[in-house]
Amino acid sequence: DMKVTQMPRYLIKRMGENVLLECGQDMSHETMYWYRQDPGLGLQLIYISYDVDSNSEGDIPKGYRVSRKKREHFSLILDSAKTNQTSVYFCASSLRAGAYAEQFFGPGTRLTVL
Amino acid sequence: KTQVEQSPQSLVVRQGENCVLQCNYSVTPDNHLRWFKQDTGKGLVSLTVLVHENDKTSNGRYSATLDKDAKHSTLHITATLLDDTATYICVVGDRGSALGRLHFGAGTQLIVIP
């Protein structure tokens, strides 16, 4: 069953704490993405990863970093979380990068920063 | 500036009724347009993709049209079911982006009542 998984599904942290969001996919997709979704806004791209150790900033990378040491795993790290990083975070993957690549989405992680 | 606008923002219909969701965009140059369904607390699931001028697609009770000249798409849902309750998101691919960037609308929240 091809899918994208995310852990944890829900997370509450205090301002200044570090946060690690994990994403996995079992489709051997080269490209993976991290987005955030806020009320009234479309999904915004934080980072894109073309393959292991090949990552690029998206539209809103400030305050985030990523790690991809294995093709099937892509992590999003918040060093010293801020309250404005409260959001729902989605991971996605696609076979390759490119304009027509269909992206498959995980179920999301709801992060609350107090 | 938001490049993908969806209307209505929310919609309530009775089970069995038909409904139409609208998507207008200003992404240039555009390549494809995809409609996603997002159940509450879940990830995005692709319903259909439109690529060419005046494309029409059909996927069961879902059908969609694309007018590239007008930069406009519609998603029709016929004979709605309670399980159609979800947020429907219009996404436009940016042909000018080397990243294969996608532009997401904020979604239309559809509620189907008995």
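Structure: above.
The structure presented is a predicted model; accordingly, all values stated were derived computationally and were not measured.

This brings us to the interface of chain A and chain B. Every contact between the two is made by 22 residues of chain A and, on the other side, 20 residues of chain B. Summed over both sides, the interface of chain A with chain B buries roughly 1,700 Å², with 56% coming from carbon and sulfur. Scanning the region where chain A abuts chain B turns up 2 salt bridges. For R34 of chain B, the salt bridge identified is with E102 of chain A, shortest N-O distance 3.7 Å. Remark: the boundary between chain A and chain B carries 3 residue pairs in polar contact (both at pLDDT 80 or more).

Turning to the side chain of T108 of chain B, a few remarks are in order. Residue and element names in this part refer to chain B. Within the secondary structure, T108 is located in strand β11 (residues 108-113). Polar contacts involving the side chain of T108 include one to the main-chain carbonyl oxygen of P8, which spans 2.6 Å. Sequence-distant contacts of T108, defined by excluding residues within four places in its chain, comprise Q6, S7, P8, Q9, L21, A86, T87 and Y88.

All names here are of chain B. Covered by surrounding structure in strand β7 (residues 62-67) are Y62, A64 and L66 only, the residues S63, T65 and D67 on the alternate face being uncovered. Inspection of the sheet shows strand β6 (residues 56-59) paired to β7 by 4 bridges, in the antiparallel sense. Each bridged residue has a counterpart across the sheet, and for T57 the counterpart in β7 is A64. Between β6 and β7, which pair antiparallel one after the other, the connecting turn spans 2 residues, and G60 there sits at a positive phi close to 65 degrees. Bridging between β7 and strand β8 (residues 72-77) involves 6 bridges; their strand directions are antiparallel. Looking at β8, one finds that L66 is bridged to S73. What sits between β7 and β8 in their antiparallel hairpin is a turn of 4 residues, with K71 showing a positive phi close to 50 degrees.

Residue and element names in this part refer to chain A. On inspection of all chains with the given rule, the structure shows 8 salt bridges over all chains. One salt bridge in this structure joins D38 and R36, with 2.9 Å as the shortest N-O distance. Note on D38: relative accessible area 14%, which makes it buried. Owing to a relative accessible area of 9%, R36 belongs among the buried residues under this scheme. The partner of D53 in a salt bridge is K69, with the nearest N and O atoms 2.9 Å apart. Placement of D53 in the loop between β5 (44-51) and β6 (54-57) and of K69 in strand β7 (residues 65-70) is noted, with a sequence separation of 16 residues between them.

Residues and elements named next belong to chain B. Pairing in this open sheet of 5 strands is antiparallel, and the strands run β1-β3-β8-β7-β6 from one edge to the other. Edge strands, defined here as strands with exactly one partner in the open sheet, are β1 (4-7) and β6. Taken pair by pair, the neighbouring strands of this sheet meet at an average axis angle of 15 degrees, ignoring direction.

Tracing the chain through its elements places D38 of chain A in the loop between β4 (31-37) and β5. At 2.9 Å, the side chain of D38 of chain A and the side chain of R36 of chain A are in polar contact.

Turning next to the sheet that holds strand β3 (residues 19-25) of chain A. All names here are of chain A. Sheet architecture is open: 4 strands sit in the order β1-β3-β8-β7, paired in antiparallel fashion. Here the strands that pair on one side only, and so sit at the sheet edges, are β1 (4-7) and β7. Here the strands of the sheet are splayed against their neighbours by 20 degrees on average, with no regard to which way each runs. Bridge count for β7 against strand β8 (residues 73-78) is 4 bridges, and the pairing is antiparallel. Looking at the pairing, K70 lines up with H73 of β8.

Core analysis: the biggest nonpolar cluster contains 22 residues, and L33, W35, L75 and Y88 of chain B have the highest contact counts within it. For this core, the elements supplying multiple residues, two or more each, are β3 (19-25), β4 (30-38), β5 (44-50), β7, β8, β9 (86-94) and β11 of chain B. Core analysis: the second largest hydrophobic core is formed by 20 residues, L21, V66, L76 and L111 of chain A among them.

Residue and element names in this part refer to chain B. Of all 9 residues making up β9, 8 are buried, and the element is well covered by its neighbours. Where β4 meets β9, 7 bridges bridge the pair, whose relative direction is antiparallel. Bridge assignment links F36 to a residue of β9, and that residue is I89. By the bridge criterion, 3 bridges tie β9 to β11 in an arrangement that is antiparallel. For A86, the partnering residue across the bridge sits in β11 and is L110. Both β9 and strand β10 (residues 102-104) contribute to a ladder of 3 bridges, which runs antiparallel. The residue of β10 that forms the bridge with G93 is L102.

Calculation criteria
- Residues numbered from 1 in each chain as written.
- Chains lettered and ligands numbered in written order.
- Predicted model: local features only at pLDDT ≥ 70, side-chain atom pairs only at ≥ 80, totals over all residues.
- Heavy atoms only, no water.
- Contact = heavy atoms within 4.5 Å.
- Buried area = accessible area lost by both parts, 1.4 Å probe.
- Salt bridge = Lys/Arg side-chain N within 4 Å of Asp/Glu carboxyl O.
- Polar contact = N/O pair within 3.5 Å; in protein donor to acceptor, adjacent residues only side chain to side chain.
- Helix = DSSP H or I, 4+ residues; strand = E, 2+ residues; numbered from the N terminus.
- Buried < 20%, exposed > 50% of the residue type's maximum accessible area, 1.4 Å probe, protein only.
- Pairing = 2+ DSSP bridges.
- Axes fitted to C-alpha atoms, helices over the stretch in contact; angles between N-to-C directions.
- Core = buried A, V, L, I, M, F, W, Y, C linked by side-chain atoms within 4.5 Å.

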